[in-house]
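Overview (structure and organization)
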Amino acid sequence: MAQYNAKVVVTSRSQHFLSDRQVPMALAQRAALIQGHRLTKLSPFTKEQIHR
């Protein structure tokens with residue numbers, strides 16, 4: 001169990017979900033009960049970003 005100022009990051013590959021709508025239903029149901037939780041989606045890297 002995380003305490004105090006701990007940060008917990010949960011990740012998953014997008015291909016494991018049928019739609020973006022399914023992500024919060026699967027991953028954030030319990031997190032929604034935690035004050036200050038955030039759910040975000042990373043965009044794919046561009047070829048330039050990968051090269052850097």
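So, a few notes on the structure that sits alongside this text. On a predicted model such as this, the values are computed, not experimentally measured, just so you know. (Residues numbered from 1 in each chain as written. Predicted model: local features only at pLDDT ≥ 70, side-chain atom pairs only at ≥ 80, totals over all residues. Heavy atoms only, no water.)

Some points on the overall build of the protein
Definition in use: Secondary structure is summarised from DSSP: a helix means a run of H or I of at least four residues, a strand means a run of E of at least two, and numbering begins at the N terminus for each. Any residue under 20% of the maximum accessible area for its type is buried, any over 50% is exposed, and the rest in between are partly exposed; the area is computed with a 1.4 Å probe on protein chains only. Computed with a 1.4 Å probe, the accessible areas rest on the Shrake-Rupley method; for each residue, only the protein chains presented here act as cover.
Along the protein, the regular secondary structure elements total two helices and zero strands. For the protein, with 52 residues in total, the buried portion stands at 4%. For the protein, the exposed surface amounts to about 5900 Å²; the carbon and sulfur share of it is 54%.

Quick word on the pattern of salt bridges
Which entries qualify depends on this criterion: Salt bridges, as used here, are contacts in which a Lys or Arg side-chain nitrogen is within 4 Å of a carboxyl oxygen on Asp or Glu.
For the structure on display, the rule yields one salt bridge. With a shortest N-O distance of 3.5 Å, Arg52 and Glu48 are connected by a salt bridge. Overall, the relative accessible area of 54% leaves Glu48 in the exposed class.

Structural measurements only, silent on function.
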